[in-house]
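Chain by chain, the residues run as shown.
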Amino acid sequence: MTLTVRPDRLVAGGDAMARDVDGRVVFVRGALPGEEVEVAIESEKKDFARGVVGEVLEVSPDRIEPQCYHRRAGCGGCGWMHVEPLAQLEAKTEIVRESLRRIGRLDSELVDGLVDMGDAVNPFRYRTTIRVVGGPDGGLGFREEGTNTVLPVNSCDVANLVLSDLLPQLTIAPGVEVTLRTSISTGVVTARWTKPKGKSGTGLVSGIPEEVHIGDRAFLTEDVDGRELRVSAGSFFQSGVEAAELLIDAVRRAAPELATASHAVDAYGGVGLFAATAMADVAKVTLIESSKSSCFDAEHNLAGRDVNVVRGEVGNWVAPEGAKIDLVVADPARPGLGKPGVNALVTASPAPIILVSCDPVSLARDTTLLAAAGYQPERVEVLDLFPQTHHVETVTRFTHS
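Being a predicted model, the structure only gives us computed values, none of them experimental.

S.K.: Help me out: how do you make sense of the overall build of the protein chain in this one?
M.R.: From N to C terminus, the protein chain includes nine helices and 24 strands. In terms of overall size, the protein chain behaves like a compact globule, its C-alpha atoms giving a radius of gyration of 22 Å where 401 residues would be expected to give roughly 21 Å. Here the C-alpha coordinates of the protein chain stretch approximately 65 × 60 × 35 Å along the principal axes. Going through the 401 residues of the protein chain one by one, you find that 52% of them count as buried.

Structure below.
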C-alpha cells in the first residue's frame, strides 16, 4: 500500500510526521518537513501508520545526498545523513521543544523561552567508539535500516579514521558484535566482544593487529578538557572527545555554582567525566555509578581528591544524614531518572539539579517528575553530539521553587 503525504515536522525517534486524507497520523522514515512524498506503508494501526519514503515528489531545501555509499546502500547507522547538518540541529531543538510541550505539558511560551540551540560536533569522523557485527560470510558490517540484516562495510564516514581503516582487516563470526574504541590523544585501540549463546569462545574474531588491546579489562587514556582519563573497554564514554568537551562546557554554563560548591553529586558518573573536569574545583564529590568497570576507572581518574565513588543504582542511593549537598549533575541512560532517580536525588535537597539527557521524551517525563518535587526548569541547552542521527543531547538546569 502507498500513500502520498506532506509531513510537517520531524519527531522523536527520527521519523517525519504527516496525516493522510482521513486525518490519521503517518510516521514516515526518510522524509523531511514540507516535502511531498510517496510512502510505502509498512505497518498500520487504527490511529496511525508507519512507512518509508518510496519517492520524493517535492524536495525540501534541507535535503542533501548522503556522502557515504554504505548509507546510500541502506546502512541504518546514519538515519539523518540526508539532512543538511545545521538543519539537523535545528530539527533536534524543535523536537525537544515539542516534547516539553506535549509530554511535559509546559506552556508553549515558557518552552520557547527555555530552550536554546547550542553546538554540534563535526558531522564526520567524530566517533571514537563504534560497534560492528559479523555477517554470514565472516565479514562485518552494520545492520540495514529497519532490519537485522547485516550490510557489509569496509569503512565508516562518521568513525575516527583509525577505526575506519581497521574494518577491512577484521573477520568476525556471524552475529558476534565487536565494540572498537580509539584514543584521540594516544591512538591506542581497544576491542571487546561478548560470546553469543551457542558459540565457543575461540575463533570468533580474527585479523586484529597485535597493538590492539583486547577484552573488558583493556583500557586507553584520553585527554579531555586538559585532564587525562582512563577509559576501560567495558566502560561508557561519549561519542568522542569533541562531544565530551561540548557537554562539559554546557554543564559549566548551567551550573556556575560549581566554582564555589563545597559538595557536589555526580550521579550516573561513569568514568568521572564531570567529576574530573566541571567539578575539578569542588572540595568534595560523591560519584554514583552502577557499572563496575566505570567505577574502577573513576577511582583511578579521581585519585588524590576527596571523592567517594558509590557503586550502585542512583534510585537506591541515600544521602548521608546531615550531608549538605550544594548541587547535583545527573547523566542517566536513555530511560532518564524516572521516579526512583528523582526521589533519591531530591531528598538530598540540592539546588540546582543539572540534568544531562540523551532522549527528549525522557527529559519531558523527568521534567514532570521534578516539577512535582518542587524543581522547575530554568534553561535547556540542546547539543548535537551524534550528527547524522536523530539522537539529541540536552543539558537542563532545574532550581527549587
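Don't stop here, the text continues.
S.K.: Looking at this structure, how should I read the packing of helix α2 (residues 85-102) against helix α9 (residues 360-372)?
M.R.: Here α2 crosses α9 at 35°, and the two axes come no closer than 8 Å. The interaxial crossing formed by α2 with α9 has right-handed handedness. Every residue of α9 that contacts α2 at Ile95, Val96, Ser99 and Leu100 is listed here: Pro360, Val361, Leu363, Ala364 and Thr367.

S.K.: How do you make sense of the pairing of strand β1 (residues 2-5) when you look at a structure like this?
M.R.: Within a regular beta strand, the side chains point alternately toward one face of the sheet and then the other, so they alternate between its two faces. Only one face of β1 is covered, namely the face carrying Leu3 and Val5; the face carrying Thr2 and Thr4 is uncovered. Two strands pair when backbone bridges link them, and β1 and strand β5 (residues 36-44) are joined in this way by four bridges, in the antiparallel orientation. Within the sheet, the bridge partner assigned to threonine 4 lies in β5 and is glutamate 38.

S.K.: Just checking my understanding: could you explain the pattern of salt bridges for this structure?
M.R.: As a working rule, side chains carrying opposite charge can pair if their charged atoms are close by. All told, the structure shown has 29 salt bridges when counted by the stated rule. Note that aspartate 249 is salt-bridged to arginine 252, the shortest N-O span being 3.5 Å. A residue pair is termed a helical-turn pair when its members lie 3 or 4 positions apart in one helix, as aspartate 249 and arginine 252 do in helix α5 (residues 241-254) at three residues. Since its relative accessible area comes to 31%, aspartate 249 is described here as partly exposed. For arginine 252, a relative accessible area of 32% translates into the label partly exposed.

S.K.: I tried to follow empty space enclosed by the protein on my own but got confused; where do I start?
M.R.: Where empty space is left becomes clear once a probe the size of a water molecule has been rolled over the atoms. Counted under the stated rule, the structure contains one cavity of 30 Å³ or more. Put simply, the largest cavity is a space of about 30 Å³. Around the largest cavity, the lining residues are Thr128, Arg181, Thr182, Leu220, Glu222, Val231 and Phe237. Elements that contribute at least two residues to the lining of the largest cavity include exactly β12 (177-182) and β16 (219-224).

S.K.: Please explain the sheet that holds strand β3 (residues 16-19) as it appears in this structure.
M.R.: Backbone hydrogen bonds are what pair the strands of a sheet, in a parallel or an antiparallel way. Pairing is mixed in the open sheet, where six strands are placed in the order β1-β5-β6-β4-β3-β2. Strands with a single pairing partner mark the edges of an open sheet, and in this sheet they are β1 and β2 (9-10).

S.K.: Any chance you could explain the layout of surface pockets here in plain terms?
M.R.: Taken as a whole, the second largest pocket spans an internal volume of roughly 400 Å³. The wall of the second largest pocket is formed by 16 residues, among which Gly30, Arg71, Arg72, Gly74 and Glu145 lie closest to the centre. Residue assignment for the lining of the second largest pocket shows that the elements contributing at least two residues are β6 (48-58) and α1 (69-72). For the lining of the second largest pocket, the residue count by class is five nonpolar, four polar and seven charged.

S.K.: Just checking my understanding: could you explain the environment of arginine 181 for this structure?
M.R.: Among the structural elements, arginine 181 can be located in strand β12. The sequence separation of arginine 181 and valine 285 amounts to 104 residues, and the corresponding C-alpha distance is 28 Å. Polar contacts involving the side chain of arginine 181 include one to the side chain of threonine 129, which spans 2.9 Å.

S.K.: Help me understand the pairing of strand β20 (residues 307-311) in this model?
M.R.: As paired strands, strand β19 (residues 284-289) and β20 are joined by five bridges and run parallel to one another. Residue pairing for β20: threonine 286 is matched across the bridge by asparagine 308. Handedness of the β19-helix α7 (residues 292-301)-β20 crossover: right-handed.

S.K.: I tried to follow the sheet that holds strand β7 (residues 115-120) on my own but got confused; where do I start?
M.R.: With respect to topology, eight strands assemble into an open sheet ordered β7-β23-β24-β22-β21-β18-β19-β20, the strand pairing being mixed. Whereas interior strands pair on both sides, the edge strands pair on one side only; in this sheet they are β7 and β20. Averaged over all pairs of adjacent strands, the angle between strand axes in this sheet comes to 15°, irrespective of strand direction. Two elements, strand β21 (residues 327-330) and strand β22 (residues 353-357), share three bridges in a ladder whose sense is parallel. Bridge assignment links valine 328 to a residue of β22, and that residue is isoleucine 353. Against the sheet, α7 engages β19 and β20, with an angle of about 170° to β20.

S.K.: Quick question: what am I supposed to make of helix α8 (residues 338-346) here?
M.R.: Think of an α-helix as 3.6 residues a turn; residues three or four steps apart then line up on the same face. Regarding α8, the residues found buried are Gly341, Val342, Ala344, Leu345 and Val346. Among the structural elements, β18 (263-267), β21, β22, α9 and β23 (375-384) are those in contact with the buried residues of α8.

S.K.: Just checking my understanding: could you explain the packing of aromatic side chains for this structure?
M.R.: Think of a pair of aromatic rings as described by two things: how far the centres are apart, and how the planes are tilted against each other in angle. This model, assessed by the stated rule, comprises one aromatic pair. Their ring planes at 70° and their centres at 6.1 Å tell us that phenylalanine 27 and phenylalanine 48 sit as a pair that is edge-to-face. Residue phenylalanine 27 is found in strand β4 (residues 25-29), and its partner phenylalanine 48 is found in strand β6; the two are separated by 21 residues along the sequence. A cation over an aromatic ring shows up here: arginine 230 above the ring of phenylalanine 219, its NZ or CZ 3.7 Å from the ring centre.

Conventions adopted
- Residues numbered from 1 in each chain as written.
- Predicted model: local features only at pLDDT ≥ 70, side-chain atom pairs only at ≥ 80, totals over all residues.
- Heavy atoms only, no water.
- Helix = DSSP H or I, 4+ residues; strand = E, 2+ residues; numbered from the N terminus.
- Rg over C-alpha atoms; globule rule 2.2 N^0.38 Å.
- Buried < 20%, exposed > 50% of the residue type's maximum accessible area, 1.4 Å probe, protein only.
- Axes fitted to C-alpha atoms, helices over the stretch in contact; angles between N-to-C directions.
- Left-handed = near helix turned anticlockwise from the far one by under 90°.
- Contact = heavy atoms within 4.5 Å.
- Pairing = 2+ DSSP bridges.
- Salt bridge = Lys/Arg side-chain N within 4 Å of Asp/Glu carboxyl O.
- 1 Å grid on protein atoms, 1.4 Å probe; cavity = no way out; pocket = protein on both sides within 12 Å on 5 of 7 lines; lining within 4 Å.
- Points joined across faces, edges and corners; volume = space filled by probe spheres on them.
- Nonpolar A, V, L, I, M, F, W, Y, C, P; charged D, E, K, R; others polar.
- Polar contact = N/O pair within 3.5 Å; in protein donor to acceptor, adjacent residues only side chain to side chain.
- Right-handed = clockwise from strand over helix to strand, strands pointing away.
- Phe/Tyr/Trp six-rings, centres within 6.5 Å; stacked < 30°, edge-to-face > 60°.
- Lys NZ or Arg CZ within 6 Å of the ring centre and 35° of its normal.

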